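Given next are the chains, with one letter for each unit.
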Amino acid sequence: MPLALLALAVGAFGIGTTEFVMMGLLPDVADDLGISIPSAGHLVSAYALGVVIGAPLLAAVTARMPRRTVLIGLMALFVIGNALSAVAPGEGSLLAARFVSGLPHGAFFGVGAVVATGMVAPERKARSVSLMFLGLTVANIVGVPAATAMGQQLGWRATFLGVSAIGVAAIAALAFLIPRDHAPAPATGLRGELSALRSLPVWLALGTTVAGFGALFSAYSYITPMLTDAAGFADASVTLLLALFGVGATAGNLLGGRLADHSLRATLFGGLASLVLVLALFPLLMRTEVTAALAVALLGAAAFVTGSPLQLMVMEKASAAPSLASSANQAAFNLANAGGAWIGGLTLAAGLGVTSPALAGSALAVLGLLVAGTAYAVDRRTPRPGRERVVATHVPPTPERAHHG
């Protein structure tokens, strides 16, 4: 695997840290700015909104630029957004800064996945994507806990200065490790990129992402009350248990990349089926501390097994212009975050029990399987270009055939 993938992983580590660290800093931010916790929660939504808007927009605007230049520019915008967060004087300016921080997120992963797969042999494409995503999953094990502890000891503004420093390191790594000839300017341009979004298989792949990761966030958004109210953990133990989720996600991500290089569809179906099973068993697993800890790790593994296959499937269905579709998949991931949390919240509001969001997630994973199955059926029914021509083409005789004839 090329060393250049390390540069993409460093950028992903910074992005993953800033995306999830706000959850742990909400009380500190609320106290410092004199706002309520629910109002501070809008800072999480502002980042997600930036991702959803920025992913397709920035991918489209930069359609004709060299991808290496695009990645460096996106990481520079990431640094600016986090630096502005560190010096924001009030709630409104911090909301705007968090929105700016989210803008490059989806486009970075989308364009980065195209660059990563372009640097390796075809049989290693999924693994290259999983190695880039490794930065995101490791951020949940190391980056988020460390950044949260920094914010609690030195103030939340220090956290965003630290994340900005990670962004600067990522810019240096991208500039030195990604060769120009592996990230040239795309030949298609904006019109070609937009044409990829007119494809039904692309939209079915995006729909699978929304349903599959919506299943994850339906449960994960409410994992803390499940662990404390159902499994009986103390509040202080939750941070360590969430690191277990990161360990499971990292293992699932690496496993999914390796398996998808052998069979993309089988890995995707297997991951979604595992997610259905794990979430369906959550009410039973949350009855003891040991099984609850196991459930958290299994949830991360089952969900992130599908990460690389989904990203690669979107890119393959938009093979002529993959950057925009690849970035749109990251927007779909964040829509899944918001939608899954909303659906899980509905089950709690209906009084169905503290573990009911996991059952709602299991139903969403079943929906993901149905969408993935529909995509497979459409793919089977779509004739492959050139298949008939290959069969009908006359093969001229070789000299040996002519002689024996």
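Cut-offs and rules
- Residues numbered from 1 in each chain as written.
- Predicted model: local features only at pLDDT ≥ 70, side-chain atom pairs only at ≥ 80, totals over all residues.
- Heavy atoms only, no water.
- Helix = DSSP H or I, 4+ residues; strand = E, 2+ residues; numbered from the N terminus.
- Buried < 20%, exposed > 50% of the residue type's maximum accessible area, 1.4 Å probe, protein only.
- Areas by Shrake-Rupley, 256 points an atom, 1.4 Å probe, with all protein chains shown as cover.
- Phe/Tyr/Trp six-rings, centres within 6.5 Å; stacked < 30°, edge-to-face > 60°.
- Axes fitted to C-alpha atoms, helices over the stretch in contact; angles between N-to-C directions.
- Left-handed = near helix turned anticlockwise from the far one by under 90°.
- Contact = heavy atoms within 4.5 Å.
- Nonpolar A, V, L, I, M, F, W, Y, C, P; charged D, E, K, R; others polar.
- Core = buried A, V, L, I, M, F, W, Y, C linked by side-chain atoms within 4.5 Å.
- Polar contact = N/O pair within 3.5 Å; in protein donor to acceptor, adjacent residues only side chain to side chain.
- Parallel < 35°, antiparallel > 145°, perpendicular 65-115°, else oblique.
- Patch = residues over 30% accessible without salt bridge, like charges linked within 9 Å, V, L, I, M, F, W, Y side chains within 5 Å.
- Salt bridge = Lys/Arg side-chain N within 4 Å of Asp/Glu carboxyl O.
- Expected span 1.5 Å × (residues − 1).
- pLDDT = per-residue confidence, 0-100.

A tally of regular secondary structure across the chain gives 18 helices and zero strands. Across the 405 residues in the chain, those meeting the buried criterion constitute 52%. Per element, the accessible surface of the chain, about 17,100 Å² overall, is 68% carbon and sulfur.

Looking now at the packing of aromatic side chains. Within this structure, the stated rule accounts for nine aromatic pairs. Between F109 and F133 the ring centres are 5.6 Å apart and the planes differ by 50 degrees, which places this aromatic pair in the tilted class. Taken together, the residues F109 in helix α4 (residues 91-118) and F133 in helix α5 (residues 125-154) connect sequence positions 24 residues apart. Residue F109 is classed as buried on the basis of its relative accessible area of 0%.

At a minimum axis separation of 7 Å, helix α10 (residues 238-260) and helix α13 (residues 289-304) run at an interaxial angle of 35 degrees. α13 is crossed by α10, and the crossing has right-handed handedness. From α10, L241, L244, F245, G248, A249, G252 and N253 reach across to α13, where they touch A293, V296, A297, L299, G300, A301 and F304. Partitioning the contact of α10 with α13 into residue classes produces ten nonpolar, four polar and no charged.

Take the nonpolar core next. Membership of the largest hydrophobic core comes to 53 residues, with the highest contact counts inside it found for L216, I223, M226, L227, L275, F282 and M286. Broken down by element, the residue count for this core peaks at nine residues, all from helix α8 (residues 200-220). If near-sequence neighbours (up to four positions away) are discounted, L275 is found in contact with G212, A215, L299, A302, A303 and A365.

This part is about the side chain of S326. Along the chain, S326 turns up in helix α15 (residues 322-349). A distance of 2.5 Å separates the side chain of S326 from the side chain of Q311, its partner in a polar contact. Apart from the residues lying within four places of it in its own chain, the contact partners of S326 are F109, G110, A113, V114, Q311, V314 and M315.

Closest axis-to-axis distance for the helix α1 (residues 4-33)/α4 pair is 10 Å, and the angle between their directions is 160 degrees. Judged on the interaxial angle alone, α4 and α1 are roughly antiparallel. Considering only the axes of α1 and α4, their crossing is left-handed. Each of L5, L8, G11, A12, I15, T18, E19, M22, V29 and L33 in α1 lies in contact with α4, whose residues at this interface are E91, L94, R98, H105, F108, F109, G112 and A116. Residue composition of the contact of α1 with α4, grouped by class: eleven nonpolar, four polar and three charged.

A separate point is a nonpolar patch on the surface. Taken together, the side chains of L49, I53, L57 and V61 define a hydrophobic patch exposed on the protein surface, amounting to about 360 Å² of accessible area. As for its placement among the helices and strands, L49 is situated in helix α2 (residues 37-61).

On to the pattern of salt bridges, then. Side-chain pairs of opposite charge can arise whenever the charged atoms involved come near each other. Scanning the model with the defined rule gives four salt bridges in all. With its nearest N and O atoms 3.7 Å apart, the salt bridge here joins D379 to R265. Here the residue D379 occupies a position in helix α16 (residues 356-381), and R265 occupies one in helix α11 (residues 264-280), the gap between them amounting to 114 residues. The class of D379 is partly exposed, set by a relative accessible area of 32%. Three or more residues joined by partner-sharing salt bridges are found here, namely R265, K317 and D379.

The end-to-end C-alpha distance of helix α3 (residues 67-87) is 31 Å, a good match for the 30 Å that 21 residues give at a rise of 1.5 Å each. Buried within α3 are the following residues: R67, R68, V70, L71, L74, M75, F78, V79, G81, N82, S85 and A86.

Turning our attention to α13. Over its 16 residues, α13 extends 23 Å from the first C-alpha to the last, a length consistent with the 22 Å expected when each residue adds 1.5 Å. Turning to α13, its buried residues number three or more, namely A292, A293, A295, V296, L299, G300, A302, A303 and F304.

With respect to the secondary-structure elements, V21 resides in helix α1. A C-alpha to C-alpha distance of 6.2 Å links V21 and T148, two positions 127 residues apart in sequence. The contacts of V21, once residues within four sequence positions are left out, are V144, A147, T148, T159 and F160.

Here we come to the environment of P104. Tracing the chain through its elements places P104 in helix α4. Under the relative-accessibility criterion, P104 is labelled buried at 1%. Distance from P104 to G50, taken between C-alpha atoms, is 8.0 Å for residues 54 residues apart in sequence. With residues up to four places along the chain from it excluded, the contact list for P104 reads L58, L74, L77 and F78.

Okay, the confidence of the model for the chain next. Per-chain confidence: the chain averages 85 in pLDDT, with 90% of residues scoring 70 or above. Low pLDDT (under 50) marks residues 385-405, which in the prediction has four contacts with non-local residues, meaning those over four places away or in another chain.

Here we take up the side chain of N329. Here N329 shows up in helix α15. Separated by 2.9 Å, the side chains of N329 and Q311 make a polar contact. Dropping the residues within four chain positions of it, N329 is found in contact with L206, T209, L310, Q311 and V314.

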